[in-house]
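Summary of the model geometry
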Amino acid sequence: MEQKPMARFINPFSDWGFKKIFGQEINKDLLINFLNDLLEGEHHIKDLTFKDKEQLPELQDMRGIIYDIYCITDKGEHVIVEMQNRYQPYFTDRSLFYSARNIVNQGVKGAKWDYMLAPVYTVCFLNYDMDEFTPVKFRTDVALMDMNDKTLFSDRIRLVYLMLPLFSKEEDECENDFERWIYILKNMSTFERMPFQARNAVFKKLSEITDISALSHEEREQ
């Protein structure tokens with residue numbers, strides 16, 4: 001029986017692989033690039049700071065939270081990035097809870113309301129089809145809006161759901177760096193070479209840090 005060739009690059013949808021790419025201080029330029037491509041035309045992040053992923057409950061009998069990735073941009077925006085490899089019931093509720101907790105945590109004690117809330121962005125990578133939305137599509141953007149004229153009511157909560165199985169473009173069909181990111185993440189563990197390296201240096205760096213042959217023994221075990 002012919003043996004299947006060993007993967008050249010890590011699986012970005014393992015917990016370790018996802019955080020290797022997007023959750024390390026030394027490689028935070030990858031996350032900045034991805035978020036800027038995701039929100040192109042809306043925001044431009046120059047820098048971000050990784051924060052403690054574990055949010056303890058205010059009371060002993062309340063539920064705590066452990067984010068996959070949690071950071072604050074140079075403009076003070078809160079960004080939560082979650083990766084869900086397999087179907088989980090109530091995932092939309094969980095993502096809403098995570099976003100709302102981050103809003104609540106900005107509150108200050110005292111009777112006087114004299115502070116502004118910083119926007120909270122929650123980006124969810126889903127490696128499965130999610131049937132809660134109609135129509136079911138690759139990217140779903142959620143914000144608070146006026147139900148009558150569909151105008152934005154508040155930018156303080158924004159959720160973006162990316163269902164990678166529904167992204168159908170091939171390498172030569174990708175039209176921008178955001179689509180190139182998604183194509184790579186969806187197919188990375190099958191590549192013999194990393195595409196788009198000549199187009200953008202960020203993809204060359206991505207190739208270097210995800211190449212299994214360059215990992216330490218401990219990293220390979222993980």
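Scope of this entry: the structure provided in the associated data block. (Residues numbered from 1 in each chain as written. Predicted model: local features only at pLDDT ≥ 70, side-chain atom pairs only at ≥ 80, totals over all residues. Heavy atoms only, no water.)

1. Describing the overall build of the protein chain
To keep things clear, this is the line we draw: Helix numbers and strand numbers start at the N terminus; a helix is a DSSP run of H or I with at least 4 residues, a strand a run of E with at least 2. Within these notes, the globule rule equals 2.2 Å times the number of residues to the 0.38 power, and the radius of gyration is based on C-alpha atoms. Under the scheme applied here, a residue whose accessible area is under 20% of the maximum for its type counts as buried, over 50% as exposed, and between as partly exposed, the area being computed with a 1.4 Å probe on protein chains only. Whether two residues touch is decided by their heavy atoms; if any such pair falls within 4.5 Å, the residues are in contact. Surface accessibility follows the Shrake-Rupley procedure with a 1.4 Å probe radius. Residue values consider only the protein chains on display as shielding.
Regarding its fold elements, the protein chain presents six helices and eight strands. When the helices and strands of the protein chain are read in sequence order from the N terminus, they spell out α-α-β-β-β-β-β-α-β-β-β-α-α-α. The C-alpha radius of gyration of the protein chain comes to 19 Å, within 12% of the 17 Å expected for a compact globule of 222 residues. If you line up the protein chain on its principal axes, its C-alpha atoms span 70 × 40 × 35 Å. Looking at the 222 residues of the protein chain, the share that counts as buried comes to 43%. Counting only contacts in the protein chain whose residues sit at least 6 apart along the sequence, the fraction spanning at least 24 positions is 56%. Of the roughly 13300 Å² of accessible surface on the protein chain, 51% is carried by carbon and sulfur atoms.

2. Here's the deal with a negative patch on the surface
Formally: Note that patches include only residues with greater than 30% relative accessible area and no salt bridge, and the join distances are 9 Å for like charges and 5 Å for nonpolar side chains (Val, Leu, Ile, Met, Phe, Trp, Tyr). Salt bridges are counted wherever a side-chain nitrogen of Lys or Arg sits within 4 Å of a carboxyl oxygen of Asp or Glu. Counted as positive: Lys and Arg. Counted as negative: Asp and Glu, with His and the chain ends omitted from the count. All charge positions are set by atom: Lys at NZ, Arg at CZ, Asp at CG, Glu at CD.
A surface patch of like charges, here negative, comprises Asp93, Asp129, Asp131 and Glu132. As for its placement among the helices and strands, Asp131 is situated in the loop between β6 (120-126) and β7 (139-145).

3. Points about the environment of Tyr98
You can see Tyr98 is positioned in helix α3 (residues 91-104). Distance from Tyr98 to Tyr67, taken between C-alpha atoms, is 8.0 Å for residues 31 residues apart in sequence.

4. A short note on the nonpolar core
Defined as follows: As used in this record, nonpolar core signifies buried Ala, Val, Leu, Ile, Met, Phe, Trp, Tyr and Cys residues forming a set joined through side-chain atoms within 4.5 Å.
Within the largest apolar cluster, 46 residues are counted, with the highest numbers of intra-cluster contacts made by Phe22, Phe34, Phe125, Leu162 and Met188. Discounting chain neighbours no more than four positions away, the residues touching Phe125 are Phe13, Phe18, Phe22, Phe34, Val81, Glu82, Met83, Gln84, Leu162, Leu164 and Leu185. By size, the runner-up hydrophobic cluster in this structure holds nine residues, among which are Phe91, Tyr128, Phe133 and Tyr161.

5. Focus: the state of the cysteines
Condition: The term disulfide is used for any two cysteine sulfur atoms that are within 2.5 Å.
Inspection of every chain in the model, using the stated rule, returns zero disulfides. Among the cysteines around Cys71, which has no disulfide bond, Cys124 carries the closest sulfur, lying 13 Å off. Looking at Cys71, the relative accessible area reads 0%, which means it is buried.

6. Points about the side chain of Glu77
The following threshold applies: Residues adjacent in sequence count toward polar contacts only when both atoms are side-chain atoms; beyond that, a polar contact is any pair of N or O atoms within 3.5 Å, and within protein one must be able to donate a hydrogen and the other to accept it.
For Glu77, the location among the structural elements is in the loop between β4 (69-73) and β5 (78-84). Within the buried core, Glu77 has no salt-bridge partner, and the shortest N-O distance to an opposite charge, that of Lys75, equals 5.6 Å. Within the structure, the side chain of Glu77 is placed 3.3 Å from the side chain of His43, a separation counted as a polar contact. Setting aside residues no more than four positions away along its own chain, Glu77 makes contact with His43, Cys71, Ile72, Pro119 and Tyr121.

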